[in-house]
Amino acid sequence: MSETIFSARGLTKVYVSGEVEVRALAGLDLDISNGEMIVLLGPSGSGKSTLLNIMGGLDHATSGTFFFKDRDLTRLDDEALTFYRRDHVGFVFQFYNLLPSLTAFENVALVTEISKQPMRPDEALAMVGLKDRMHHFPAQLSGGEQQRVAIARAIAKRPEVLLCDEPTGALDSKTGIKVIEALLSVNEQLGTTTVIITHNAAIQSVADRVMHFADGRISNIQKNASRQKASEVTW
Amino acid sequence: MTALDLKLMRDLKRLWAQVLAIALVIGGGVSTVVLAVGSHHSLDETRIAYYERYGFADVFAQVRRAPNDLIHQIEEIPGVAMVEPRVAQLALLDIPDFREPATGQFISLPEKRQQVLNRLYMRSGRQPDPASEHEVVVNESFAKAHGFALGSHFAAILNGRKRDLTIVGTAMSPEFIYAVGPGDIMPDNRRYGIVWMGERALAGAYNLKNGFSNVAVKLLPNASEDEVIRRLDDLLEPYGGRAAYGRKDQTSHAWLNHELDMLNNMSRTLPPIFLLVAAFLVNLTLGRLVALEREQIGLLKAIGYTNRAVAGHYLKFVLIIAAIGIAFGSLAGTGLGSYVTQLFGDFFRFPFLVFSRDVSTYFIGAGLSLLAAAIGAGRALRDVVTLPPAVAMQPPSPPRFSHFLPTSWSFNRIVRQPTVMMLRNIARHPARTAFTLLGISMATGILVVSLFTRDTMENLIDVTYFLADRQDATMSFAERRSANVVYQVEQLPGVLAVEPSRDVPIRIRHGSVERRILLSGKTKGSDLSRIIDVNLHPVVLPEDGLAISSMLAQILGVRIGDQVEVDLLEGQRRTVTLPVAVTVEDYFGIRAMMDAGALARLMRESPAANSVHVSVDRSLLDTFYEKIKAMPMVSGLALQRVSLMNFREAVALLITTMATIYAGLAAIIAFGVVYNSARISLSESARDLASLRVLGFTRAEVLRILLLELAFLTLLAQPPGWAFGYGLAWVMKTRLAGELMRVRLVVEHFTYALSSVIVIGAALFSALVVRKRVYALDLVSVLKTRD
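Cut-offs applied
- Sequence positions are assigned chain by chain, starting from 1 and proceeding in written order.
- The lettering of chains begins at A and the numbering of ligands begins at 1, in the order of writing.
- With pLDDT at 70 or above as the cut-off, local features in this predicted model cover only qualifying residues; side-chain atom pairs require 80 or more to be listed or tallied, and sums for whole chains, interfaces and linings still use all residues.
- Heavy atoms from the whole structure form the basis of all side-chain values; hydrogens and water molecules are not counted.
- Runs of H or I in DSSP of at least four residues are treated as helices and runs of E of at least two as strands, each being numbered from the N terminus.
- Here the term buried applies to any residue with accessible area under 20% of the maximum for its type, exposed to any over 50%, and partly exposed to those in between, with areas from a 1.4 Å probe on protein chains only.
- In what follows, a contact means two residues having at least one pair of non-hydrogen atoms within 4.5 Å.
- With residues, only the protein chains shown are counted as cover, and all accessible areas are computed by Shrake-Rupley using a 1.4 Å probe.
- For this count, His and the chain ends are skipped, Lys and Arg are scored as positive, and Asp and Glu as negative.
- Lys charges are placed at NZ, Arg charges at CZ, Asp charges at CG and Glu charges at CD.
- Atoms considered for the radius of gyration are the C-alpha atoms alone. The globule rule reads 2.2 Å times the number of residues to the power 0.38.
- Strand pairing requires that DSSP identify at least two bridges connecting the strands.
- Note on method: axes are straight lines fitted to C-alpha atoms, helices fitted across the in-contact stretch only, with angles between N-to-C directions ranging 0 to 180 degrees.
- Each of two parts loses accessible area, computed with a 1.4 Å probe, when they are put together; buried area is these two losses added.
- Think of a salt bridge as a Lys or Arg side-chain nitrogen and an Asp or Glu carboxyl oxygen that are within 4 Å of each other.
- Polar contact criterion, stated in full: a pair of N or O atoms within 3.5 Å, where within protein one must be able to donate a hydrogen and the other to accept it, and residues adjacent in sequence count only if both atoms are side-chain atoms.
- To define a nonpolar core, start from buried Ala, Val, Leu, Ile, Met, Phe, Trp, Tyr and Cys residues and group those joined through side-chain atoms within 4.5 Å.
- The arc under discussion is defined with respect to the helix axis, by the directions toward the C-beta atoms.
- Boundary definitions for the domains trace back to an automatic or database domain assignment.
- Here a cavity denotes a set of grid points, spaced 1 Å apart and computed over the protein atoms alone, in which a 1.4 Å probe fits but from which it cannot get out, and a pocket denotes an open set meeting protein on both sides within 12 Å along at least five of seven lines; residues with an atom within 4 Å of a point are reported as lining.
- Grid points are joined across faces, edges and corners, and a volume is the space filled by probe spheres set on the points.
- Any residue that is not Ala, Val, Leu, Ile, Met, Phe, Trp, Tyr, Cys, Pro, Asp, Glu, Lys or Arg is counted as polar, Gly included; the first ten are nonpolar and the last four charged.
- Candidate patch residues must exceed 30% relative accessible area and have no salt bridge, after which like charges are joined if within 9 Å and Val, Leu, Ile, Met, Phe, Trp or Tyr side chains if within 5 Å.
- Roughly parallel means an angle under 35 degrees; roughly antiparallel means over 145; roughly perpendicular covers 65 to 115; every other angle is labelled oblique.
- It is the rotation of the near helix from the far one that decides the hand of a crossing: anticlockwise by less than a right angle makes it left-handed, clockwise makes it right-handed.

Trainee: Explain the overall build of chain B residue by residue, including any values.
Mentor: When its secondary structure is counted, chain B shows 24 helices and 22 strands. C-alpha extents for chain B along the principal axes are approximately 105 × 60 × 50 Å. Every one of the 787 residues in chain B was classed for burial, and the buried ones make up 57%. A sequence separation of at least 24 residues applies to 83% of the contacts in chain B between residues at least 6 apart. Surface exposure of chain B reaches about 32800 Å², of which carbon and sulfur atoms provide 57%. Considering chain B, the positive charge centre built from 82 side chains and the negative charge centre built from 71 side chains are found 10 Å apart.

As structure tokens, then:
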């Protein structure tokens with residue numbers, strides 16, 4: 001097994017909303033190795049999105065530690081988290097979050113312009129099979145295509161970590177498979193550690209490990225003895 | 001170009017209508033500054049250049065007959081640089097095919113030397129031949145008013161003898177930029193002309209060979225004007241000198257000054273209000289616009305853009321909008337400024353115009369607008385940027401609404417759901433509601449302040465022409481007459497009533513404040529020319545004591561019952577102390593009045609008159625005029641009806657034009673506010689509206705829900721808008737009040753109504769534009785994205 005890239009100990013996140021206190025993460029422990037493909041599974045409110053946000057430096061933990069390599073993300077300030085995201089993390093969201101006013105190419109360029117060793121935007125788009133659609137605006141692309149642009153945008157900076165929140169949630173099976181293929185090829189070709197929140201069984205079958213969440217903790221970890229290839233994936 | 005900049009350009013394009021509307025509001029604010037400050041600067045510089053190039057004098061004095069030897073003594077007064085002695089007389093004119101008697105201000109042109117002061121700017125023709133007794137140059141406006149060409153003739157009664165005159169040239173003079181005839185308020189180019197004539201001819205007519213009847217003096221820099229005037233008075237007194245006066249009491253200069261002051265005050269009062277309102281609105285609008293970008297801001301942060309980069313991006317966005325507005329405003333302001341300068345320039349008959357392009361004007365307007373825009377965006381950005389990206393990328397959590405009445409109340413039976421939605425919305429965003437209300441009421445307010453001048457002018461006309469000075473004509477005499485002149489005038493055809501008036505120049509003083517004014521003696525029971533007090537009631541003058549303009553009372557700091565010191569500047573120049581008995585509501589000039597008998601005793605003279613007010617049977621006017629034209633003792637006839645007409649014309653031209661320009665800009669601002677409010681509300685509630693459509697609401701119903709709030713706020717904003725407008729009008733009126741002219745603050749209901757109609761019209765127009773958007777709302781795409 002290769003080196004550990006993420007390591008959480010006693011990670012806690014409490015949201016206060018009005019008079020209600022929500023314990024989204026309740027002292028979670030976790031280790032993820034470099035290059036692993038992980039699926040997070042669990043009912044809504046079980047804490048997986050919160051974990052993903054903290055992993056990606058989008059949110060602060062309330063207590064506990066969360067190490068990215070040798071850096072404790074819980075100790076970083078806003079500015080440092082920004083640079084952490086910029087240098088190491090790629091995101092894919094359920095609803096793509098493309099900027100509607102920029103073309104596919106430009107949406108990718110948005111990231112490559114501020115990264116250290118990015119690939120060319122067209123290269124990234126080629127990896128997700130969208131080279132011929134790169135000058136289209138989001139509104140001219142199908143949902144699956146938009147999501148693949150989002151993936152291209154996420155990987156264009158050659159991130160060490162790719163974090164995906166329901167990447168196929170808004171897609172039908174056919175387009176969903178193309179997205180999974182794209183994610184797999186990135187994981188295989190670039191060795192990017194990939195963490196995916198999904199209910200999609202097909203994705204679970206291509207992951208190294210599936211972590212089950214309940215009440216802000218990991219209740220069960222299921223290890224796939226052998227990962228399926230993208231071509232073998234059935235929906 | 002970076003991807004962010006591309007986004008910027010495309011966003012600007014996508015939001016072009018809103019960008020334009022905001023830019024228009026900024027443009028409106030900037031253009032008022034550029035317009036007002038620019039036109040004032042231009043006219044001021046024009047005047048300075050005109051005065052300088054044509055040697056406008058500093059001190060003036062009229063004398064009955066002074067020998068030329070006196071000139072050397074005047075030249076030797078310390079502080080005097082140049083002296084221009086001349087013959088200057090008022091005389092009645094008889095103009096072919098012109099029924100009313102006109103007045104000519106005759107001024108001699110030197111024969112053996114060059115004119116040194118108040119030099120003529122020749123517009124056509126040449127100067128009169130010194131040997132000719134008939135050749136004259138007239139002021140251009142007078143010639144134009146009568147359609148005179150070179151070679152035209154008219155007659156004048158010079159010293160009792162009718163003389164035929166030939167026009168050989170037309171000219172302008174810095175001394176008569178604003179040419180107002182005796183007894184008049186407004187220039188009337190048909191009935192008052194300046195006539196320059198050779199010295200020999202004019203002096204011959206008035207038996208003033210080797211003498212002069214008027215002197216203009218140019219002072220050295222740093223000379224004391226008061227001292228020169230005192231010494232000049234001493235020199236001229238034995239020769240029938242009337243008190244000398246400086247530029248500030250010279251009619252043309254004083255009026256010009258007043259008009260420029262008015263422009264200056266306007267430029268200091270209205271534009272800051274406009275700019276402030278515009279800044280506020282831009283602040284509000286851009287704030288909401290940036291807040292709408294919350295998710296994109298979250299995303300930019302998520303993929304690693306720093307807060308500074310994100311803030312910079314949006315700052316650029318608003319600054320570009322501001323820059324567009326500034327460009328609009330500068331262009332429009334420059335254009336309007338030139339137009340207004342031209343307008344005033346024509347009115348004053350400047351021979352040339354200096355257009356001032358003071359860069360600082362543009363910078364002030366631009367700087368304030370940029371600042372307002374940046375602060376507006378900054379406020380919204382601060383809120384968004386401080387959110388963790390994970391939160392920012394999610395739509396804001398559903399706002400917490402609350403019941404404003406106990407749930408057990410069956411409120412819903414009284415009001416339908418859309419109304420409930422609107423009321424909850426308003427209650428939910430108290431700050432936003434308050435700001436929108438404030439914005440719309442400001443728009444109404446600036447319309448009120450742009451439009452109120454008309455009401456005020458009507459009041460001024462009412463009081464001046466129909467309450468106070470109700471005579472048909474005022475006849476001025478070349479020399480002081482015995483009060484018996486009344487019986488002579490009564491004999492003229494058509495004369496119904498006559499009232500004499502005795503005018504004595506005085507200096508009135510209280511403490512260290514002093515003014516040079518005319519003191520008029522009024523006979524008991526004057527019914528034509530009445531004295532109106534500040535409560536708009538006619539008052540009877542007491543036996544002793546002065547009635548003074550309330551403005552003068554304010555300047556001197558005196559109240560009824562206080563004593564003032566008065567220097568009588570005619571006859572036996574004495575200084576007396578008199579009580580103030582009445583303060584008078586008048587709008588032109590500052591003056592004092594007292595009982596004619598008391599004035600005669602004070603002057604130690606028998607009752608006398610310089611002028612008479614007459615009421616004339618209209619059907620006999622022509623014969624009345626004919627008789628007057630043949631009366632050598634009359635130097636001028638002021639006609640109230642014509643004066644009123646001229647006043648209306650001048651007011652229509654200047655004040656109405658300004659009011660129209662400002663009202664136009666105010667309407668643009670009003671539209672900008674309402675349109676942006678509507679558009680942003682639409683963006684903010686697009687999802688809700690789409691949901692309603694899915695639930696089966698029709699487009700019209702959805703539109704009504706969207707616009708209901710705006711309609712409600714627009715109407716609710718009107719009464720505070722009126723109050724705001726009244727307050728601004730009060731500020732304007734107070735700042736515009738001057739010694740030469742002022743107004744009483746009157747705002748008619750119609751003005752409030754008109755302002756509201758314009759704002760509501762702007763709101764309706766915005767509603768139409770927004771309607772198209774609502775009808776084009778794409779349900780699927782709105783609902784497909786986000787939870």
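Trainee: Tell me about the overall build of chain A, and please be specific about residues and values.
Mentor: On a plain count of helices and strands, chain A comes out with seven helices and ten strands. A compact globule built from 235 residues should have a C-alpha radius of gyration of about 18 Å, and chain A, at 17 Å, falls within 12% of that. Dimensions of chain A along its principal axes, counting C-alpha atoms only, are 45 × 40 × 40 Å. When the 235 residues of chain A are sorted by exposure, 56% land in the buried category. Considering only residue pairs separated by 6 or more positions, chain A has 69% of its internal contacts joining residues 24 or more positions apart. Summed over its atoms, the accessible surface of chain A is roughly 9600 Å², and 48% of this surface lies on carbon and sulfur atoms.

Trainee: Can you break down the sheet that holds strand β7 (residues 161-165) of chain A residue by residue, with the values?
Mentor: Residues and elements named next belong to chain A. Here we have six strands laid out as an open sheet, ordered β6-β7-β8-β3-β9-β10, and mixed in their pairing. The open sheet has two edge strands, β6 (89-92) and β10 (217-223), and neither has a second partner. Each strand axis lies, on average, 20 degrees off the axis of its neighbour in the sheet, ignoring direction. Where strand β9 (residues 209-214) meets β10, six bridges bridge the pair, whose relative direction is antiparallel. Along β10, the bridge assignment pairs Arg209 with Lys223.

Trainee: How would you sum up the interface of chain A and chain B? Please name residues and give values.
Mentor: Residue-level contacts link 27 residues of chain A with 27 residues of chain B. Both faces considered, chain A and chain B share a buried interface measuring about 2300 Å² in area, 59% of it formed by carbon and sulfur atoms. Our enumeration of links across chain A and chain B arrives at one salt bridge. Between Arg10 of chain B and Glu106 of chain A there is a salt bridge, with the nearest N and O atoms lying 2.5 Å from each other. Between chain A and chain B we count six residue pairs in polar contact (both at pLDDT 80 or more) in total. Of all the secondary-structure elements, those providing two or more residues to the side of chain A that touches chain B are α2 (78-88) and α3 (104-112) of chain A. Residue contributions to the side of chain A that touches chain B peak at five residues, all from α2 of chain A.

Trainee: Requested: an account of the nonpolar core, with residues and values cited.
Mentor: Counting residues in hydrophobic clusters, the biggest one holds 173 residues, and the most contacted among them are Leu51, Met55 and Phe66 of chain A together with Phe647 of chain B. Broken down by element, the residue count for this core peaks at 20 residues, all from helix α19 (residues 640-684) of chain B. Residues contacting Leu51 of chain A, with those up to four places away along its chain left out, are Leu11, Leu25, Leu28, Leu30, Leu40, Phe66 and Phe213 of chain A. Core analysis: the next-biggest nonpolar cluster, separate from the first, contains 37 residues, Leu98, Ile151, Val206 and Val210 of chain A among them.

Trainee: Which residues make up helix α18 (residues 621-629) of chain B, and what values do they have?
Mentor: Leu621, Phe624, Tyr625, Ile628 and Lys629 of chain B are the residues of α18 of chain B that are buried. Buried residues of α18 of chain B fall within an arc of 135 degrees about the axis and therefore sit on the same side.

Trainee: Lay out the pairing of strand β3 (residues 88-94) of chain B with the relevant residues and their values.
Mentor: Residues and elements named next belong to chain B. With five of its seven residues buried, β3 lies for the most part within the structure. As paired strands, β3 and strand β4 (residues 102-109) are joined by six bridges and run antiparallel to one another. Bridge assignment links Ala91 to a residue of β4, and that residue is Gly104. Bridging between β3 and strand β7 (residues 153-158) involves two bridges; their strand directions are antiparallel. Within β7, the position partnered with Leu93 by the bridge is Ala156.

Trainee: Could you give an account of the pairing of strand β2 (residues 80-86) of chain B, with specific residues and numbers?
Mentor: All names here are of chain B. Extensive coverage of β2 is indicated by the burial of five of its seven residues. Relative to strand β10 (residues 211-219), β2 runs antiparallel, the two sharing six bridges. Counted as the bridge partner of Val83 is Val217 from β10.

Trainee: Quick rundown of the domain arrangement of chain B? Include the residues and the values.
Mentor: Residue and element names in this part refer to chain B. One can read the domain layout of chain B as domain 1 (16-49 + 268-380), domain 2 (59-248), domain 3 (421-470 + 640-787) and domain 4 (495-616). If you average the C-alpha positions of domain 2 and of domain 3, the two centres end up 53 Å apart. Tallying the contact residues gives eight residues for domain 2 and seven residues for domain 3. Contact between domain 2 and domain 3 buries roughly 550 Å² in total, counting both sides, with carbon and sulfur atoms accounting for 64%.

Trainee: Give a description of the side chain of Glu175 of chain B that names residues and reports values.
Mentor: Residues and elements named next belong to chain B. Turning to its location among the elements, Glu175 is positioned in the loop between β8 (161-172) and β9 (192-198). Residue Glu175 is classed as buried on the basis of its relative accessible area, which comes to 5%. At 2.5 Å, the side chain of Glu175 and the side chain of Arg86 are in polar contact. Ignoring any residue separated from it by four or fewer positions in sequence, one finds Glu175 in contact with Phe56, Phe60, Arg86, Ile107, Asn118, Gln250 and Ser252.

Trainee: With reference to specific residues and values, describe empty space enclosed by the protein.
Mentor: Any empty space left between atoms is shown by rolling a water-sized probe over those atoms. All names here are of chain B. Tallied over the entire structure, the rule returns 13 cavities of 30 Å³ or more. Contributing to the lining of the largest cavity are 13 residues, with Met262, Met457, Ile655, Leu736 and Val743 lying nearest its centre. Elements with a minimum of two residues in the lining of the largest cavity: α7 (251-292), α14 (430-468) and α22 (718-736). Here the lining of the largest cavity gets four residues from one element, more than from any other, and that element is α14. The class makeup of the residues in the lining of the largest cavity is eight nonpolar, three polar and two charged.

Trainee: Any details on a nonpolar patch on the surface? Residues and values, ideally.
Mentor: Residues and elements named next belong to chain B. Nonpolar side chains collect at one region of the surface, where Trp16, Leu20, Ile324 and Phe328 lie side by side and expose about 370 Å² of accessible area between them. Counting residues per element, the ones that place at least two in the nonpolar patch are α2 (16-53) and α9 (307-348). Note that Trp16 resides in helix α2. Overall, the relative accessible area of 52% leaves Trp16 in the exposed class.

Trainee: I'd love a proper account of the sheet that holds β2 of chain B, names of residues and values included.
Mentor: Strand order in the open sheet formed by four strands is β2-β10-β1-β11 (chain B), and the pairing between neighbours is antiparallel. Two strands bound the open sheet, and with one partner strand each, they are β2 and β11 (245-246) of chain B.

Trainee: Before we move on, could you go through the packing of helix α21 (residues 699-716) of chain B against helix α23 (residues 749-775) of chain B and cite the residues and values that matter?
Mentor: Residue and element names in this part refer to chain B. Between α21 and α23, whose axes approach to 10 Å, the crossing angle comes to 155 degrees. Judged by the angle between their axes, α21 and α23 are roughly antiparallel. The hand of the α21/α23 crossing is right-handed. Mapping the contact onto sequence places Arg699, Ala700, Val702, Leu703, Leu706, Leu707, Thr714 and Leu715 in α21 and Val759, Ile760, Ala763, Ala767, Val770, Arg771, Val774 and Tyr775 in α23.

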